[in-house]
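Read off the chains here:
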Amino acid sequence: TEPVRAAIYGELMCNVGLFNYKANGLAKSWQAFGAVLEFASEEVAAAFGEVLRRHRVPVIATVAFGSLCEAISSQRAWMTGEHGEGLVLSIQKAGRSSAYKWKISREPQPAAVSELTELLEAFANGAGGKAVLIDQSIHEMIGNLHAVSTHVDSARAATKQKKEA
């Protein structure tokens, strides 16, 4: 049975100096890192998943969250635990889906760190009386995004420790 909907996600390996892309022959290539397949029934989806597992293809069920705040909050530990390069969040609105990649701190995002830091400082100072109008879950989401973006990853920590030794 054919999928009702399918999407393949990938990344252009344009940052030659990261993750040994050049040494591993991946520099400037496009690499698929995931796919989402939706089937008409749970039974068909389970059967397809079993076929993939038999061929040693990792299968991970998608997880639905009630809000972006909930998704960010529930995945903070996974992100700072460096269990992958990041997460793909698929958001549907007005009948269309968009994919966003939330990256761990190993791929520096200085503009994002600056903006999040500035926003946290504005919240802490009351934002001209407007901070109280913003739901607490938004305050927490900004804090979680900042914590992930400023996390010192293990590779950088090990390099720094080596230099200091």
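Cut-off values and rules
Residues numbered from 1 in each chain as written. Predicted model: local features only at pLDDT ≥ 70, side-chain atom pairs only at ≥ 80, totals over all residues. Heavy atoms only, no water. Helix = DSSP H or I, 4+ residues; strand = E, 2+ residues; numbered from the N terminus. Polar contact = N/O pair within 3.5 Å; in protein donor to acceptor, adjacent residues only side chain to side chain. Contact = heavy atoms within 4.5 Å. Axes fitted to C-alpha atoms, helices over the stretch in contact; angles between N-to-C directions. Parallel < 35°, antiparallel > 145°, perpendicular 65-115°, else oblique. Left-handed = near helix turned anticlockwise from the far one by under 90°. Nonpolar A, V, L, I, M, F, W, Y, C, P; charged D, E, K, R; others polar. Core = buried A, V, L, I, M, F, W, Y, C linked by side-chain atoms within 4.5 Å. Buried < 20%, exposed > 50% of the residue type's maximum accessible area, 1.4 Å probe, protein only.

Peer 1: How should the side chain of E11 be read in this particular structure?
Peer 2: Mapping E11 onto the fold places it in strand β1 (residues 5-12). For E11, the side chain forms a polar contact with the side chain of K101, separated by 2.6 Å. Filtering out sequence-adjacent residues up to four positions away, E11 remains in contact with S29, W30, Q31, F33, E85, K101, K103 and E107.

Peer 1: Can you help me understand the packing of helix α3 (residues 110-124) against helix α4 (residues 136-150) in this one?
Peer 2: When two helices pack together, their arrangement is given by the angle between the helix axes and the distance between those axes. Where α3 contacts α4, the two axes come as close as 10 Å, and the packing angle between them is 140 degrees. Taken together, the axes of α3 and α4 are oblique relative to one another. Considering only the axes of α3 and α4, their crossing is left-handed. Contacts between α3 and α4 involve V113, L116, T117, L119, L120 and F123 from the former and H139, I142, G143, L145, H146, S149 and T150 from the latter. Taken together, the residues that form the contact of α3 with α4 break down as seven nonpolar, six polar and no charged.

Peer 1: How should the nonpolar core be read in this particular structure?
Peer 2: Grouped burial of nonpolar side chains is what soluble globular proteins tend to show. Ranked by size, the top nonpolar core spans 14 residues in total, and within it I72, M79, W102, M141, I142 and L145 carry the most contacts. Elements that contribute at least two residues to this core include exactly α2 (68-80), β3 (86-93), α3 and α4. In this structure I142 touches L116, L119, L120 and F123, once residues within four positions along its chain are discounted.

Peer 1: When you look at unusual backbone geometry in this model, what are you seeing that I'm missing?
Peer 2: Negative phi is the rule for most residues except glycine; trans is the rule for most peptide bonds. At A94, a position not held by glycine, the phi torsion is positive, near 55 degrees. Following the sequence through the fold, A94 ends up in the loop between β3 and β4 (96-103). Non-glycine residue A127 carries a positive phi angle of around 50 degrees. For A127, the position within the fold is in the loop between α3 and α4. Judged by its relative accessible area of 27%, A127 is partly exposed.

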